[in-house]
Amino acid sequence: MAGTVNKPGKPNSKRKPTRLRNKIQKASLAKQRKERKQAKKNPEWRSKLKKDPGIPNLFPYKEKLLEEIEERKLKKAAEAQRRKEMVKAAKTGVTKDGDEEILEDVAEGDDVEAEEDEDMDMEVDESNPMAALIASARRAAEDYDRKLADDDVMEDESSDEEENEDNRVTAGQASSRKTYDKVFKSVVEQADVVLYVLDARDPEGTRSRDVERSVMAAASGGKRLILVINKVDLVPPKVLRDWLVYLRRYFPTLPLCASNAAPNAHTFNHRDLTISSTSTALFKALKSFAASRQLKRAVSVGVIGYPNVGKSSVINALLSRMGGKGASAARACPAGAEAGVTTSIRQVKIDSKLTLLDSPGVVFPSSTGSLVSVKNATEAHANLVLLNAVPPKQIDDPIPAVNLLLKRLSATPDLVQKLLKVYDIAALMPNQADGDVTTDFLVQVARKRGRLGRGGVPNLGAAAMAVVTDWRDGRIQGWVEPPVLPVESSAEAAAKPVDKVVSGEEVSAADQKQIVTEWAAEFKLDGLWGDDALKADDAMEQ
């Protein structure tokens, strides 16, 4: 006989194998997954919040309750409006008769409303749960109306608070500027040699004569100032040569390629002006100056300049010339494509004879300013954006910067054609009203780069930000031509007014050239790049 026979009177066991229980659980989970999957495919929108059932239709006093609730809402709205007027009147000091009681209620923190809520609670019959539910709904509605009234009262105060906030932001910017000025002065005081880093695309725009005067006047003229033109791979050789001729009239100037260009950047071949050769030349010049001083302490070299001109990259390039230590020392200073990476003074020791000081970027004051006339604050901010001196998060409106960039490039038709080639767009069509081509340019860029909003509307702000980023990374070719120097005779040069200050004393252009020659000898700059430029400079003077 198959199986076993239970004893009479003994109940059957309800215990079942685990595999059956697991089978049921798996089937339940599979069914839930199937329902969730079907719910996702269901196009009907369903809210996840449970709907308030409200007052049942079968409740005998539903209409009366609804009328009372509506009446209370109207009464509360009128009371809130009157309180709002009383608060305004209290601020101005003008009140009407009969308003003193309401003003007292406002000052006491709306005690009247609290009393009304207590009376309402007393009227509720605790034995009736539906009545308690209705009373709770009333209190919630009144609390909501009270919050709306308070928000209306605070609207007028918000405008004053916004003005105060703007003033606080302005004060914060001023305090930040003072902090950076203190940092700059600290670097100048500690440094024996100051490397003034300039952007090769606009050296004069990233240069400040006031900074040069302050460096020259510090320590009774005992400090040395060297101009370093960084990012030379972004300008043609002729433009770089002309800038060397121009700047070497004032201070010893060296070209430098501190780091590799960004991906897809348009660079120029300068033959011997590579990262290795330029950084090695600058390193040897500093070591020669340190050896000539014969000081018992290390010679301190401060690096200053506008934000994002490559100050930290200059230090990293110098550290990479130290042979075996280059792998670890090359990243001693954080560097990035955006402005504001360096936030404090960073001291980097090369050896016992040389110490480097990295400083945050500072937008220095300039008596001459950039070659572009700055008419208002918007154009000034646009000029700083093109100098890469403003972090992307602080750029409120990049469109004026793009407008200024197009104006600069329009002076050279070849550069405009290269700009159109970068984005693969057609010729620009000027606006019939004002002849502006910026809008048409940004519309085409937005379509090419996919900067579109809802309905395919071009997002001009996002397109302008993409153009600013491409300009910062060197994908857009553009540079400022150096000023044309007139040919002067020796008599005219002697009669020329002074243009420099050393230790508070004014010097002529001839004395300035003598200073440049003496400093170049201290750094042993003879035989470095730019000899042809110096000869051309001498030929122009002759």
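Just so it is clear, the structure is predicted and the values come from calculations on it, not from any experiment.

A. Seen up close, the overall build of the protein chain. Each helix and strand counted, the protein chain has 18 helices and eight strands in total. Looking at the protein chain residue by residue over its 542 residues, the buried ones come to 36%. For the protein chain, the proportion of contacts with a sequence separation of at least 24, taken over those separated by at least 6, is 69%. Surface exposure of the protein chain reaches about 32,900 Å², of which carbon and sulfur atoms provide 52%.

B. Region of interest: the sheet that holds strand 6 (residues 354-358). Strand order in the open sheet made by the six strands is 3-2-1-4-6-5, with mixed pairing throughout. Looking along the sheet, the strands with just one partner apiece sit at the ends: strand 3 (253-255) and strand 5 (346-351). Pairs of neighbouring strands in the sheet enclose a mean axial angle of 25 degrees, with direction left out of account. Where strand 4 (residues 299-305) lies against strand 6, five bridges are found, and the strand directions are parallel.

C. Just helix 15 (residues 460-472), in detail. End to end, helix 15 covers 18 Å across 13 residues, agreeing with the expected 18 Å (1.5 Å per residue, within 8%). Looking at helix 15, one finds that the buried residues are Ala463, Ala464, Ala466, Val467, Val468, Asp470, Trp471 and Arg472. Of the residues that open helix 15, the one with a side-chain oxygen 3.3 Å from the backbone nitrogen of glycine 461 is asparagine 459. Backbone geometry just downstream of helix 15 places glycine 474 in the positive-phi region, at approximately 85 degrees.

D. Examining the pattern of salt bridges more closely. Considering all chains together, one arrives at 14 salt bridges under this definition. Residue arginine 297 pairs with aspartate 192 through a salt bridge whose shortest N-O separation is 2.8 Å. Separated by 105 residues along the polypeptide, arginine 297 in the loop between helix 8 (275-293) and strand 4 and aspartate 192 in the loop between helix 5 (129-190) and strand 1 (193-199) bring together distant segments of the chain. Arginine 297 gets classed as partly exposed once you look at its relative accessible area, which sits at 44%. Note that glutamate 204 and arginine 209 form a salt bridge whose closest N and O atoms lie 3.0 Å from each other.

E. Structural context of the packing of helix 8 against helix 9 (residues 311-319). At a closest axis distance of 9 Å, the pairing of helix 8 and helix 9 adopts a crossing angle of 80 degrees. Between helix 8 and helix 9, the angle falls in the class roughly perpendicular. Facing Ser279, Leu282, Phe283 and Leu286 of helix 8, the residues of helix 9 in contact are Val314, Ala317 and Leu318. In terms of residue class, the contact of helix 8 with helix 9 is made up of six nonpolar, one polar and no charged.

F. Region of interest: helix 9. In terms of burial, helix 9 is largely enclosed, as nine of its nine residues are buried. Within the sequence span of helix 9, burial applies to Lys311, Ser312, Ser313, Val314, Ile315, Asn316, Ala317, Leu318 and Leu319.

G. Spatial organisation of the environment of valine 363. By the secondary structure assignment, valine 363 is in the loop between strand 6 and helix 11 (377-386). Taking the C-alpha atoms as reference points, valine 363 and glycine 305, 58 residues apart in sequence, are found 7.9 Å from one another.

H. Summary view of the packing of helix 11 against helix 12 (residues 399-409). The N-to-C vectors of helix 11 and helix 12 enclose an angle of 75 degrees; their axes lie 8 Å apart at closest approach. One element, helix 11, and the other, helix 12, form an angle in the roughly perpendicular class. Here Thr378, Glu379, Ala382, Asn383, Val385 and Leu386 of helix 11 lie close against helix 12, whose contacting residues are Pro400, Ala401, Leu404, Leu405 and Arg408. Of the residues belonging to the contact of helix 11 with helix 12, the class tally is seven nonpolar, two polar and two charged.

I. Structural detail: the packing of aromatic side chains. Summed over all chains, the structure comprises seven aromatic pairs. Between tryptophan 243 and tyrosine 246, the ring centres sit 5.8 Å apart and the planes meet at 80 degrees, which makes this aromatic pair edge-to-face. Within this pair, tryptophan 243 and its partner tyrosine 246 are both found in helix 7 (residues 237-247), separated by three residues, close to a single helical turn. In this structure tyrosine 246 comes out as buried when scored by relative accessible area, which is 7%. Consider the rings of phenylalanine 268 and tryptophan 479, whose centres lie 5.8 Å apart with planes at 80 degrees: the pair is edge-to-face. Separated by 211 residues along the polypeptide, phenylalanine 268 in the loop between strand 3 and helix 8 and tryptophan 479 in the loop between helix 15 and helix 16 (490-495) bring together distant segments of the chain. Residue tryptophan 479 is classed as buried on the basis of its relative accessible area, which comes to 19%. One aromatic cluster is present, built from ring pairs that chain together Trp243, Tyr246 and Tyr250. For the cation-ring pair, arginine 201 lies above tryptophan 471, with the distance from its terminal atom to the ring centre recorded as 4.8 Å. Here the guanidinium or amino end of arginine 207 rests over the ring plane of tyrosine 250, the centre of that ring lying 4.6 Å away.

J. The arrangement of the side chain of serine 208 in detail. With respect to the helices and strands, the residue serine 208 is situated in the loop between strand 1 and helix 6 (209-217). Serine 208 gets classed as buried once you look at its relative accessible area, which sits at 0%.

K. View of unusual backbone geometry. The phi dihedral of asparagine 308 is positive, around 65 degrees, even though this residue is not glycine. Among the secondary structure elements, asparagine 308 is positioned in the loop between strand 4 and helix 9. For asparagine 388, which is not glycine, the phi dihedral falls at a positive 60 degrees. By the secondary structure assignment, asparagine 388 is in the loop between helix 11 and helix 12.

L. Expanded view of the pairing of strand 6. In terms of burial, strand 6 is a largely internal element, five of the five residues being buried. Sheet analysis places strand 5 next to strand 6, joined by five bridges and oriented antiparallel. Across the sheet, valine 348 pairs through a bridge with leucine 356, a residue of strand 6. As consecutive antiparallel partners, strand 5 and strand 6 are separated by two residues.

M. Representation of the nonpolar core in the model. Ile229, Val402, Tyr423, Phe441, Val467 and Ile476 are the most contacted members of the largest nonpolar core, which has 59 residues in total. In contact with tyrosine 423, other than residues within four places in its own chain, are Phe441, Val445, Lys448, Arg449, Ala466, Val467, Asp470 and Ile476. In terms of nonpolar packing, the next biggest core, distinct from the first, is built from 33 residues, Leu256, Val301, Val309 and Val314 among them.

N. Representation of the pairing of strand 1 within the structure. Among the seven residues in strand 1, seven count as buried, and that is most of the element. Alternating residues of strand 1 divide into Val193, Leu195, Val197 and Asp199 and Val194, Tyr196 and Leu198, and every residue in both groups is buried. In this structure, strand 1 lies alongside strand 2 (residues 224-230), joined through seven bridges in parallel fashion. Considered in strand 2, the bridge of valine 197 is made with valine 228. Note that strand 1 and strand 4 share five bridges and pair parallel. Residue tyrosine 196 lies in a different strand from strand 4, and its bridge partner there is isoleucine 304.

So, how was this worked out
The residue numbers shown here count from 1 along each chain, following its written sequence. Reporting of local features is limited, given that this is a predicted model, to residues whose pLDDT is at least 70; pairs of side-chain atoms are given and counted only at 80 or more, and all residues count toward the totals for whole chains, interfaces and linings. The side-chain quantities take in all heavy atoms of the structure and omit both hydrogens and water. The secondary structure listing takes helices from DSSP runs of H or I that are at least 4 residues long and strands from runs of E that are at least 2 residues long, numbered from the N terminus. For every residue, the accessible area obtained with a 1.4 Å probe (protein chains only) is divided by the maximum for its type, and the residue is called buried under 20%, exposed over 50%, and partly exposed between those limits. Contact definition: two residues touch when any of their heavy atoms are within 4.5 Å. Residue-level accessible areas treat just the shown protein chains as cover; the underlying method is Shrake-Rupley with a 1.4 Å probe. By the convention used here, strands pair only if DSSP detects at least 2 bridges between them. For helices, the fitted axis covers only the stretch in contact; all axes are lines through C-alpha atoms, and the angles between them, taken along N-to-C directions, range from 0 to 180 degrees. Helices are assigned an expected span. That span is 1.5 Å times one less than the residue count. The definition of a polar contact used here is a pair of N or O atoms within 3.5 Å, where within protein one atom must be able to donate a hydrogen and the other to accept one, and adjacent residues in sequence count solely through side-chain atom pairs. Any Lys or Arg side-chain nitrogen found within 4 Å of a carboxyl oxygen on Asp or Glu counts as a salt bridge. Comment on the angle field: the value is read as roughly parallel under 35 degrees, roughly antiparallel over 145, roughly perpendicular from 65 to 115, and oblique elsewhere. Residues are grouped as follows: Ala, Val, Leu, Ile, Met, Phe, Trp, Tyr, Cys and Pro are nonpolar; Asp, Glu, Lys and Arg are charged; all remaining types, including Gly, are polar. Geometry of aromatic contacts follows a simple scheme: Phe, Tyr and Trp rings, the Trp one being its six-membered ring, pair when their centres are within 6.5 Å, and the pair is stacked under 30 degrees between planes, edge-to-face over 60, tilted otherwise. Two conditions define a charge sitting above a ring: the NZ of Lys or the CZ of Arg must be within 6 Å of the ring centre, and it must be within 35 degrees of the ring normal. To define a nonpolar core, start from buried Ala, Val, Leu, Ile, Met, Phe, Trp, Tyr and Cys residues and group those joined through side-chain atoms within 4.5 Å.

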